[in-house]
2 protein chains.
Amino acid sequence: MTASKCSRLSGELSRRVLASVDTVLFDCDGVLWRGDEAVPGAPELVTALRSSGKRVFYLTNNSTKTRAMYADKLGRLGFGAEPGEVFGTAYCTARYLRDEARLQGKVYLIGGTALSRELEAAGIPHVGSGPERPGAVTGGMKDWAALEKDPDVRAVVVGFDEHFSYMKLTRALRYLQDPDCLFIATNTDSRLPLEGGRVIPGTGCMVRAVETAAHRKAQVIGKPNSFLYDCVVKECGLDPSRTVMVGDRLDTDIQMGSTCGIRTLLTLTGFSSLEEAKSHQENGSLSLVPDFYVDSVADLLPALSPADQ
Amino acid sequence: MTASKCSRLSGELSRRVLASVDTVLFDCDGVLWRGDEAVPGAPELVTALRSSGKRVFYLTNNSTKTRAMYADKLGRLGFGAEPGEVFGTAYCTARYLRDEARLQGKVYLIGGTALSRELEAAGIPHVGSGPERPGAVTGGMKDWAALEKDPDVRAVVVGFDEHFSYMKLTRALRYLQDPDCLFIATNTDSRLPLEGGRVIPGTGCMVRAVETAAHRKAQVIGKPNSFLYDCVVKECGLDPSRTVMVGDRLDTDIQMGSTCGIRTLLTLTGFSSLEEAKSHQENGSLSLVPDFYVDSVADLLPALSPADQ
């Protein structure tokens, strides 16, 4: 591309860029929807991209849904998607453990139902999911330090877990004191954005707690690491020179796109602002600067409209 | 002192240093005891220091005991102490909120019974302590983001809490989104050492989780900050040139002593090693290098023995 970095994508430039693209990778939260509401015009854009013969994939750090649950939500909000088009961290974490780490043994899981199901689908046994039994915090510190360990656990996985607790943290530390025990985090997002600007703590908070206890850093599956992208490449193939990553976060979506050598598009309906992008540009942190930006993905619709062609 | 840094304290040097000291500040865990076992010879040393007319104070980052509970444990293990000689973070946090921050309003407390009692003793109302009610995690993310707030809360305090949970983290975030809400941590120790080399996650893990969610740094009451020392000075007075800080951690005890301009003694019965101290000395990180070290505080006993005088 001859365009300089961080250009607004509109008019003729928009038409040229979309014509040069076969594959569009979308982040979901803050890009296609916020909470349970679709970004206006986003479903129409995805439909138009498909009608123009482009392939669409969904790359999300959120570990609270399986591929099937994401396809359901995408369908419900008007996007329409197959489970095989969704690359979320619940699915990709299970895939990593099975195909890359070739885990022999169980996972101690800090995480919810979706992670649990994707691990099961990949044939990986696990323990730890769900709420503590009432009265789990009994005895004193000496008893907690001696909590029984499952001798088959070979990996600790930390994803979003609304039942996260001190006792789960203590168990994770017990396993991670063995340097051969793998330590995997689905993602390190500090907050989860919801409707109306509300937020709740994200998986990153729980990952930092476990890292602090274990004196170890987790290996991260989600963006900005390239593993979600690598999964798309392996399962579906793509031409990097004809692919664009669309996201709302500079430090995850845009950074991952830069690392993978594909073009990047920031949409301003979510986490990061144009000011932050410009500030990275001034500081020379170019991997955090998108090639293009739009106020909303809906702004791309005119460039795909047959009436204008 | 003419002695170079990081000298072994023994023989004639030990006698000279102790003769130049009126006040001895002891860390507890890893120095005087490990878990529920006194370090052999430590009770005799404290008794001998007192018999020689020296004052002894206890400065501990541990927030799980009130002053009275510490005095009980000290007595039980053979040290003998008055509550007024104990400066723990439960007591000092309450003192900070009352006397320094002059808090008008309630505390949202992530912490245990001791913190709760010290806040009560200081007349500071608080909410949040204790286990979640069974079934507290109900509804979905939208409901958690809208958890009811107590309108009188003006500070979030994070100490050791064996009932720490995702819902407590979520409530803390809700309060800390108000930039006027104070954010206090008792300490940031990553682990709590127990008998036999066992460990459990320390308060630092919970502090990091809340900091990550809130996008804010907590103000820390415990060592290496000087507030515990400042409390001793205010309540009891001392001559810094005739005071020594005795601890097992370079990054808390020794750093605090350096910051406060008093002499420092590392004991090797706990967290930090002599190699770490020497390595800081080589790197020029002198505030982390003790003036003296001993294998155990019991090694100081001969220098106080009347038979040798």
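What you see is a predicted model, and the numbers here were worked out from it, not measured in a lab.

Draft legend 1. Expanded view of the overall build of chain A. A count of helices and strands for chain A gives 12 helices and 16 strands. Split into buried and exposed, the 309 residues of chain A put 57% on the buried side. If you sum the accessible surface of chain A, you get close to 12,000 Å²; carbon and sulfur atoms cover 49% of it.

Draft legend 2. Representation of the sheet that holds strand β16 (residues 292-294) of chain B in the model. All names here are of chain B. With parallel pairing, 7 strands are arranged side by side in an open sheet as β1-β16-β15-β14-β2-β5-β6. Of all the strands in the sheet, just β1 (7-8) and β6 (86-88) have a single pairing partner and so form its edges. Examined bridge by bridge, strand β2 (residues 23-26) and strand β5 (residues 55-60) share 4 bridges and lie parallel to one another. Each residue of the ladder has a partner; that of Leu25, found in β5, is Phe57. Strands in contact with helix α3 (residues 67-76) are β5 and β6; relative to β6, the strand with the most contacts, it is inclined by about 120°. Relative to the sheet, helix α9 (residues 227-236) contacts β2, β5 and β6, its axis offset from that of β5 by approximately 145°.

Draft legend 3. Examining the pattern of salt bridges more closely. Applying the stated criterion across every chain, the model contains 37 salt bridges over all chains. A salt bridge links Lys73 of chain A to Asp36 of chain A; the shortest N-O distance between them is 3.7 Å. Of this pair, Lys73 of chain A sits in helix α3 (residues 67-76) while Asp36 of chain A sits in the loop between β3 (33-34) and β4 (37-38), and the two are 37 residues apart along the sequence. By relative accessible area, Asp36 of chain A is classed as partly exposed at 36%. Where Asp253 of chain B meets Lys223 of chain B, a salt bridge forms, and the shortest distance between an N and an O atom there is 2.7 Å. Of the two residues, Asp253 of chain B is situated in helix α10 (residues 250-260) and Lys223 of chain B in the loop between β13 (219-220) and α9; the sequence distance between them amounts to 30 residues. Residues Asp253 of chain B and Lys223 of chain B agree in their burial class; the two are buried. Each of the salt bridges in this network shares a partner with another, and the network as a whole consists of Arg67, Arg95, Arg98, Asp99 and Glu235 of chain A.

Draft legend 4. Region of interest: the side chain of Thr170 of chain B. As for its position among the elements, Thr170 of chain B is in helix α7 (residues 166-176). Thr170 of chain B sits in the buried class, given a relative accessible area of 2%. Within the structure, the side chain of Thr170 of chain B is placed 2.8 Å from the backbone oxygen of Tyr166 of chain B, a separation counted as a polar contact. Those residues in contact with Thr170 of chain B, other than ones at most four positions away along the chain, are Ile200 and Pro201 of chain A together with Trp144 and Leu147 of chain B.

Draft legend 5. Inspection of the relation of the copies chain A and chain B at higher detail. Its rotation angle being 180°, the transformation that places chain A on chain B also includes 0.0 Å of axial translation and leaves an RMSD of 0.0 Å. Accordingly, the operation relating the two chain copies is best matched by a two-fold axis. Minimal C-alpha separation from the rotation axis in chain A is found for Ser165 of chain A, amounting to 2.1 Å. Taken as a fraction of all interface residues of chain A, those also at the interface in chain B reach 100%, which identifies the copy contact as same-surface.

Draft legend 6. Local environment of the interface of chain A and chain B. If you look at the interface, chain A gives 38 residues, while chain B gives 38 residues. Buried area between chain A and chain B, summed over both chains or domains, comes out near 3,400 Å², and the portion from carbon and sulfur atoms is 70%. Here chain A is connected to chain B by 0 salt bridges. The tally of links between chain A and chain B comes to 10 residue pairs in polar contact (both at pLDDT 80 or more). At the level of secondary structure, the elements contributing two or more residues to the side of chain A that touches chain B comprise α6 (141-145), α7 (166-176), β11 (191-193), β12 (199-201) and α8 (203-214) of chain A. The residue makeup of the side of chain A that touches chain B, split by class, is 21 nonpolar, 9 polar and 8 charged.

Draft legend 7. Inspection of the packing of helix α4 (residues 89-100) of chain B against α9 of chain B at higher detail. Residues and elements named next belong to chain B. Interaxial distance between α4 and α9 falls to 10 Å at its minimum, and their mutual angle equals 75°. Classified by the angle their axes make, α4 and α9 are roughly perpendicular. Contact with α4, carried on its side by Thr89, Tyr91, Cys92, Arg95, Tyr96 and Glu100, involves Phe227, Leu228, Cys231, Lys234 and Glu235 of α9 and no other residues of that element. When its residues are assigned to classes, the contact of α4 with α9 shows 6 nonpolar, 1 polar and 4 charged.

Draft legend 8. Structural view of the pairing of strand β9 (residues 153-158) of chain B. Residues and elements named next belong to chain B. Within β9, 5 of the 6 residues are buried, leaving the element largely enclosed by the surrounding structure. In this sheet, β9 lies alongside strand β7 (residues 106-110) in parallel orientation, the contact comprising 5 bridges. Its bridge partner lying in β9, Tyr108 is registered against Val156. Bridge count for β9 against strand β10 (residues 182-185) is 4 bridges, and the pairing is parallel. Looking at the pairing, Ala155 lines up with Leu182 of β10. Considered for its hand, the β-α-β crossover made up of β9, α7 and β10 is right-handed.

Draft legend 9. Structural detail: the environment of Val86 of chain A. Residue and element names in this part refer to chain A. By the element assignment, Val86 lies in strand β6 (residues 86-88). Classification of Val86 by relative accessible area gives buried; the value is 1%. Each C-alpha atom, one on Val86 and one on Ala172, is 29 Å from the other, the two residues being 86 residues apart in sequence. Contact partners of Val86, with chain neighbours within four places excluded, come to Tyr58, Arg67, Tyr70, Ala71, Leu74 and Tyr91.

Draft legend 10. Geometry of the sheet that holds strand β8 (residues 126-127) of chain B. Residue and element names in this part refer to chain B. Strand order in this open sheet of 5 strands is β8-β7-β9-β10-β13, and the pairing throughout is parallel. Each edge of the open sheet is held by one strand with a lone partner, namely β8 and β13. Of the strands in this sheet, β7, β9 and β10 touch α7, which is tilted by about 145° from β7. Contacts from helix α8 (residues 203-214) reach β7, β9 and β10, with the element oriented near 135° to β9.

Draft legend 11. Quick look at helix α10 (residues 250-260) of chain A. Residues and elements named next belong to chain A. Within α10, 8 of the 11 residues are buried, which leaves the element mostly enclosed by the surrounding structure. Along α10, the residues classified as buried are Leu250, Thr252, Asp253, Ile254, Gln255, Met256, Gly257 and Cys260. Contacts from the buried residues of α10 go to β5 (55-60), α9 (227-236), β14 (243-247), β15 (263-267) and α11 (274-283). Note on α10: the residue one or two positions beyond its end, Gly261, has a positive phi of about 75°.

Draft legend 12. Region of interest: the environment of Arg208 of chain B. Here Arg208 of chain B is to be found in helix α8. Distance from Arg208 of chain B to Pro179 of chain B, taken between C-alpha atoms, is 18 Å for residues 29 residues apart in sequence. Apart from residues lying up to four places away in sequence, Arg208 of chain B is in contact with Arg208 and Thr212 of chain A together with Thr188 and Lys217 of chain B.

Draft legend 13. Representation of the confidence of the model for chain A in the model. Averaged over every residue, the pLDDT of chain A is 94; the share at 70 or more is 96%. For this predicted complex, the interface score ipTM comes out at 0.93, while the overall pTM is 0.94.

The rules behind the values
- Residues numbered from 1 in each chain as written.
- Chains lettered and ligands numbered in written order.
- Predicted model: local features only at pLDDT ≥ 70, side-chain atom pairs only at ≥ 80, totals over all residues.
- Heavy atoms only, no water.
- Helix = DSSP H or I, 4+ residues; strand = E, 2+ residues; numbered from the N terminus.
- Buried < 20%, exposed > 50% of the residue type's maximum accessible area, 1.4 Å probe, protein only.
- Areas by Shrake-Rupley, 256 points an atom, 1.4 Å probe, with all protein chains shown as cover.
- Pairing = 2+ DSSP bridges.
- Contact = heavy atoms within 4.5 Å.
- Axes fitted to C-alpha atoms, helices over the stretch in contact; angles between N-to-C directions.
- Salt bridge = Lys/Arg side-chain N within 4 Å of Asp/Glu carboxyl O.
- Polar contact = N/O pair within 3.5 Å; in protein donor to acceptor, adjacent residues only side chain to side chain.
- Least-squares fit on C-alpha atoms with pLDDT ≥ 70 in both.
- Buried area = accessible area lost by both parts, 1.4 Å probe.
- Nonpolar A, V, L, I, M, F, W, Y, C, P; charged D, E, K, R; others polar.
- Parallel < 35°, antiparallel > 145°, perpendicular 65-115°, else oblique.
- Right-handed = clockwise from strand over helix to strand, strands pointing away.
- pLDDT = per-residue confidence, 0-100.

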